[in-house]
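# Observations on the model geometry
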Amino acid sequence: MNNNKKLRWGILGAARINQQLMPAIVEAENAELVAIASRRPGAAAETLAKYAPDEAHVRIESNMESILEDDTIEAVYIPLASHEHAQWTLRAIEHGKHVLCEKPMALTVADIDAIKDAAQQHHVTVMEGFMYRFHPQHSRVKEIIDSGLIGVVRTVRSSFAYPMQPARHYRIAGTIEQGSGAMWDIGCYAIHAARLPFYNDKPLTVSAMAKHIETGADISCNGIIDFGDGKYAQFDFGFEHARRAEYEIIGSKGGLKCHNVWAKQAETPVISWWTDTGQQCQETLALANHFRLEIEHFSQCIINNKQPDLSLEDAKTNCQVIVATLESVKTGHHIPIQND
Ligand SMILES: NC(=O)c1ccc[n+]([C@@H]2O[C@H](COP(=O)([O-])OP(=O)(O)OC[C@H]3O[C@@H](n4cnc5c(N)ncnc54)[C@H](OP(=O)(O)O)[C@@H]3O)[C@@H](O)[C@H]2O)c1
């Protein structure tokens, strides 16, 4: 274990989510923010002044390549718009950078395969930024499942939604193929969380329905993933709904609910569980910052040459389920999920 090393990070893009990730990199014990780039002159400086005001030494670049060409930068965080993720992840890998790419890592399975191959060839680590997964409440959920308390997991229901504000309408201004719409924005979380309790099972088929708007973007969707042997995950997500981010797990002997999957630093995480023998419990967990935990986990993996908890295989499976869901919506059929 190397306990003193700090991984040197660069950020590609002056995105809104930097509001969370910049402080996370600055505050992480094993990370250091070196530079941020944006193609809009001034936007990177503005972002830094806003979200990491005490970090005046951080270099500002108007050319993203200059971060990739800087040999002192070891890892990059990519919070660009979804349709740019795969191409910039590939470019960063080719420059020998480790990459934490925001979700969704890519819009096609072929792009994830290309990223996997490139990462292997250049000996770098790449992870999709499903930050929620690093909140300790999900490890606690796994502990409860592994203890056998609720029996065999049979049904999962995951729901992710919020009413989209007019200021964010640019995110639904294009087609799904261009990376717009609810699936790439929040549906990928709903599907990821729905898969979480079935960690020993492969998704086999999916069936879904969705509502689209005139731009071609989807704004809501409901679907069911079949994991075989009577195990199903239902998911729903949308931009026309009240705010929700939760999942419920029904097992053969009981159930549990994670009430706030996106629990922010100041929001108390709560898990409730019950059994058919009459046990009931509401657990309140310690506050945690999943963004900082994500950065610390990824940095630690690079420093100690370990594989991150979120693998490229996981990114690929999520993309396979998403692509099959979109196909099901289009055709009205159950769609087999490619597994390899
Ligand atoms: N993990 C999470 O909690 C979370 C939350 C929200 C979003 N996300 C993900 O993070 C990614 C970024 O989302 P976001 O909402 O933070 O992105 P955003 O603010 O829409 O910015 C994304 C990129 O678009 C470009 N851009 C932004 N504003 C622009 C403008 N006014 N004119 C021209 N270009 C502009 C920027 O590239 P340049 O800087 O190069 O110009 C920027 O990096 C998405 O993939 C999203 O799915 C993750």
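The rules behind these values
Residues numbered from 1 in each chain as written. Predicted model: local features only at pLDDT ≥ 70, side-chain atom pairs only at ≥ 80, totals over all residues. Heavy atoms only, no water. Pairing = 2+ DSSP bridges. Helix = DSSP H or I, 4+ residues; strand = E, 2+ residues; numbered from the N terminus. Contact = heavy atoms within 4.5 Å. Axes fitted to C-alpha atoms, helices over the stretch in contact; angles between N-to-C directions. 1 Å grid on protein atoms, 1.4 Å probe; cavity = no way out; pocket = protein on both sides within 12 Å on 5 of 7 lines; lining within 4 Å. Points joined across faces, edges and corners; volume = space filled by probe spheres on them. Nonpolar A, V, L, I, M, F, W, Y, C, P; charged D, E, K, R; others polar. Near = heavy atom within 4 Å. Polar contact = N/O pair within 3.5 Å; in protein donor to acceptor, adjacent residues only side chain to side chain. Areas by Shrake-Rupley, 256 points an atom, 1.4 Å probe, with all protein chains shown as cover. Phe/Tyr/Trp six-rings, centres within 6.5 Å; stacked < 30°, edge-to-face > 60°. Buried < 20%, exposed > 50% of the residue type's maximum accessible area, 1.4 Å probe, protein only. Lys NZ or Arg CZ within 6 Å of the ring centre and 35° of its normal.

### Structural notes on the sheet that holds strand β11 (residues 244-251)
The strand order across the open sheet formed by nine strands is β14-β13-β12-β11-β7-β10-β9-β8-β15, and the pairing between neighbours is mixed. The open sheet is flanked by β14 (280-284) and β15 (335-336), the only strands paired with a single partner. Pairing analysis gives five bridges linking strand β12 (residues 254-258) to strand β13 (residues 270-275), with the strands arranged antiparallel. Each residue of the ladder has a partner; that of K257, found in β13, is S272. In this fold helix α9 (residues 312-331) packs onto β8 (205-212), β9 (218-226), β10 (232-238) and β15, with an angle of close to 65° to the strand it touches most, β8.

### Concerning the layout of surface pockets
In this structure, the largest pocket encloses a volume near 1400 Å³. Contributing to the lining of the largest pocket are 46 residues, with R16, I17, Y162, R171 and D185 lying nearest its centre. When contributions to the lining of the largest pocket are tallied by element, the ones reaching two or more residues are α1 (18-27), α7 (182-195), β11 and α8 (290-303). The dominant element in the lining of the largest pocket, judged by the number of residues it contributes, is α7, at four residues. For the lining of the largest pocket, a count of residues per class yields 19 nonpolar, 14 polar and 13 charged. Reported here for the second largest pocket is a volume of approximately 660 Å³. Forming the boundary of the second largest pocket are 28 residues, of which R195, L196, F198, Y199 and D314 lie nearest the centre. Elements with a contribution of two residues or more to the lining of the second largest pocket: α6 (136-146), α7 and α9. Grouping the constituent residues of the lining of the second largest pocket by class yields 10 nonpolar, seven polar and 11 charged.

### Some remarks on the site of the ligand
In the vicinity of the ligand lie 20 residues, with I17, S38, R40, K103 and R171 positioned nearest. In the environment of the ligand, an oxygen atom lies 2.7 Å from a nitrogen or oxygen atom belonging to the backbone of I17. Residue E102 places a side-chain N or O atom 3.1 Å away from a nitrogen atom belonging to the ligand. Protein coverage of the free-state accessible area of the ligand, which is 890 Å², stands at 76%. Residues of the shell around the ligand, tallied by class, amount to 10 nonpolar, four polar and six charged.

### Regarding the packing of aromatic side chains
Per the counting criterion, the structure on display carries 10 aromatic pairs. Between the aromatic rings of Y132 and Y189, the centroid separation amounts to 6.2 Å while the plane-to-plane angle is 75°, which identifies the pairing as edge-to-face. Of this pair, Y132 sits in the loop between β6 (126-129) and α6 while Y189 sits in helix α7, and the two are 57 residues apart along the sequence. Like Y132, the residue Y189 is buried in the burial classification. By the ring-pair criterion, three or more aromatic residues cluster together here, those being F130, Y132, F160, Y189 and W262. Above the ring of Y199, the side-chain terminus of K142 is found at 4.6 Å from the ring centroid.

### A short note on the environment of N318
Mapped onto the elements, N318 comes out in helix α9. Given the relative accessible area of 1%, N318 is considered buried. Expressed as a C-alpha distance, the spacing of N318 and S299, which sit 19 residues apart in the sequence, is 23 Å. Every residue in contact with N318, bar those within four places of it in the chain, is listed here: F130, C188, I191, H192 and R195.

Keep in mind these values describe shape, not function.
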